[in-house]
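Structural overview for review
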Amino acid sequence: MVELRVQEQQILLGLEKNGGKASVEQLISTYNLPDAAVMRNALTLQEKALLSIHAATQNVIKLTEEGKTYAKEGLPERKLVLAIAEMGGSANLRDAAEKSGLQEQFIQIALGWVIRKKWAIYASQSNTVNLSEKLLHEAVISEGCDERLLKFLVSREQATLDELSDELKAEAEQLKKRKLVSIEPKTTRFLQITEEGKIALVEGKTVQQEVTQLTPELIITGKWHTAKLQKYNIEAPVAKTWPGKKHPYLSFLDKVRETLVTLGFQEMVGTNVETSLFNFDALNIPQDHPAREVSDIYYIKDPKCGDISSHDAIVERIKETHENGGQTGSTGWGYKYSFEAAQRLILRGHGTCLSARTLESKELQVPSKYFSIARVYRPEVVDRTHLSEFNQVEGIIIDPDLNLRDLLGVLGKFAMEIAGASKVRFKPDYFPFTEPSVELSAYKEGYGWIEFGGSGIFRPEVTQPLGVNVPVIAWGLGVDRLFMMHSGIDDIRMIFCSNLEWLRKKQVT
């Protein structure tokens, strides 16, 4: 014998009385139950196969506030044409508008609809409106479909498009464009009693009213001794909830930061706006290099230049290095160095400028390891693998005993632990500030090979002007692409999208 709770029995009885089927709204109204209570009990009854739940989506049409006004007072075109009729069938537009009581902003709207409905003809030269021949001989201007629909809707809170004739449906779309009605989809849930449910109503046993919470009254009066406490099915399906959480990409950056700190790295930080001195000059990039073109870097319009006077000592050494190689053993670039170009302000184009500032710092320790997660900016064409604003993870290690093998080992460990790559490969590359230089690519099953960025050992032209005389290995990797591989996404734009379904489901492990 099936046991039915009081509310479960009420729902089944309600369905039986309504021919076996009713909407959730009908049951709520009939038994004065909360929406949650009806759905909770309906889900339980569905688990017991005593009823089934169906959903139907209908387009609901409702009057807007403006539509309610016109339904009550009449459309502006009707007001205008009635005023013209009272003035003998022909009138100056301004005079007719004043007589009809139309506000200034509605005059042209009313005139447009009067012409469209062929109620009158407008003479622009004389600014007069003349009723059509048909209306001149009619005692009453017949009611249009739009007016009939407004009156139909004003008599009820809302209606569905299915209730309307084809003629009124077409008019509903027109009124929607005029913002007099709104049409929105609404999902209605229907409950239908099953044969098992009908049998349960006849043969089932109704349990006594159950208590969902202990109140002070139940405890004080002692009624809790005899009260039947409701049992909760913790496996019953419930609506999904989406609590607030950190963006998956930000969580990934936290993981990268935590991993590097655990490996003994210290974090480097800096501003998004940088001088060309540290973004280019200190990295042995000549002042006429193509990377400095406006097509490759964002220049600050105001102010154009920054103050580099506190770095006079290194500026002089960098100048000598660029012009003739200075004390580095290089021949330099062989051009006249410009202090004005060095002061030029830009949005940093890579995170390596932070490495240059760190190497110049008086707090630099040898040996030591540093990293940064820096937002950088380049005028890139945005596509599935490129953004004009992206992040780089930058790293340097300063130690007298470092060599290229150490660099490759660090990069391989980084790609495998952070991005989840299964294998890595390196190929020779060129950068003005490193020698030798290598490019890192990593592979993940089902995802393929992806290029992450460049690396190498800083040239003496970089380290010596900054006051460092030991080897420095460095790398700059696209951390956005690391996240792509880690998360299994193939479009970098997904990282910054507003796709709620992806954001809710994505977990960073």
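In the block above lies the structure referred to throughout.
A few points on the structure.

Analysis parameters
Residues numbered from 1 in each chain as written. Predicted model: local features only at pLDDT ≥ 70, side-chain atom pairs only at ≥ 80, totals over all residues. Heavy atoms only, no water. Helix = DSSP H or I, 4+ residues; strand = E, 2+ residues; numbered from the N terminus. Rg over C-alpha atoms; globule rule 2.2 N^0.38 Å. Buried < 20%, exposed > 50% of the residue type's maximum accessible area, 1.4 Å probe, protein only. Contact = heavy atoms within 4.5 Å. Areas by Shrake-Rupley, 256 points an atom, 1.4 Å probe, with all protein chains shown as cover. Lys, Arg positive; Asp, Glu negative; His and termini not counted. Charge placed at Lys NZ, Arg CZ, Asp CG, Glu CD. Patch = residues over 30% accessible without salt bridge, like charges linked within 9 Å, V, L, I, M, F, W, Y side chains within 5 Å. Salt bridge = Lys/Arg side-chain N within 4 Å of Asp/Glu carboxyl O. Pairing = 2+ DSSP bridges. Axes fitted to C-alpha atoms, helices over the stretch in contact; angles between N-to-C directions. Polar contact = N/O pair within 3.5 Å; in protein donor to acceptor, adjacent residues only side chain to side chain.

**A look at the overall build of the chain**
The helix and strand inventory of the chain stands at 21 helices and 20 strands. Compactness check: the chain gives a C-alpha radius of gyration of 38 Å against a globular reference of 23 Å for 509 residues, more than 25% above the reference. Each principal axis of the C-alpha atoms in the chain carries an extent, and together these give about 105 × 90 × 50 Å. Split into buried and exposed, the 509 residues of the chain put 43% on the buried side. Within the chain, residue pairs in contact and separated by at least 24 positions form 68% of the contacts whose partners lie at least 6 positions apart. Element-wise, carbon and sulfur atoms account for 51% of the exposed surface of the chain, whose accessible area totals about 27,900 Å². Placing the 62 positive and 68 negative side-chain charges of the chain at their respective mean positions leaves the two points 4 Å apart.

**Things to note about a nonpolar patch on the surface**
Side chains of Leu-214, Ile-219, Trp-224 and Leu-229 sit close together on the surface and give an oily, nonpolar patch of about 400 Å² of accessible area. Looking at the element boundaries, Ile-219 is found in helix H12 (residues 216–221). A residue is classified by how much of its surface remains accessible, and Ile-219, at 49% relative accessible area, is partly exposed.

**Points about the sheet that holds strand S19 (residues 448–458)**
Here we have seven strands laid out as an open sheet, ordered S12-S15-S16-S20-S19-S18-S17, and mixed in their pairing. Sheet topology places strand S12 (266–267) and strand S17 (423–428) at the edges, where each strand pairs with a single neighbour. Across six bridges, the pairing between S17 and strand S18 (residues 434–444) is antiparallel. Bridge pairing links Lys-423 to Tyr-443 in S18. Its contacts with the sheet put helix H13 (residues 248–262) on S12, strand S15 (368–377) and strand S16 (389–398), and the angle it makes with S15 is roughly 160°. Those strands touched by helix H20 (residues 479–487) are S16, S18, S19 and strand S20 (472–478), and its axis lies near 145° from that of S19.

**Description of the sheet that holds strand S5 (residues 120–123)**
Pairing between sheet strands relies on hydrogen bonds along the backbone, with the strands arranged either parallel or antiparallel. Across the sheet, three strands lie side by side as S4-S6-S5; this open sheet has antiparallel pairing. The open sheet has two edge strands with one neighbour each: strand S4 (90–92) and S5. The sheet shows a mean angle of 20° between the axes of neighbouring strands, direction not considered. Its contacts with the sheet place helix H5 (residues 76–86) against S4 and strand S6 (128–131), and it is angled at close to 80° to S6.

**Remarks on the side chain of His-350**
With respect to the helices and strands, His-350 occurs in the loop between strand S14 (345–347) and helix H17 (352–360). Among the polar contacts made by the side chain of His-350, one reaches the main-chain carbonyl oxygen of Asn-279 at a distance of 2.9 Å. Beyond its immediate chain neighbours, meaning those up to four positions away, His-350 contacts Asn-279, Leu-283, Ile-285, Val-376, Arg-378 and Gln-392.

**Section: unusual backbone geometry**
That bond from Val-366 to Pro-367 is cis: its omega, 0°, falls within 30 degrees of zero. If you trace the backbone, Pro-367 turns up in the loop between H17 and S15. Cis geometry marks the peptide bond from Glu-435 to Pro-436; its omega dihedral reads 0°. Here Pro-436 lies in strand S18. Here Lys-179, not a glycine, exhibits a phi torsion of approximately 60°, which is positive. Residue placement: Lys-179 occurs in the loop between helix H10 (166–177) and strand S8 (181–193). Of note in the backbone geometry, Asn-284 takes a positive phi value of approximately 65° without being a glycine.

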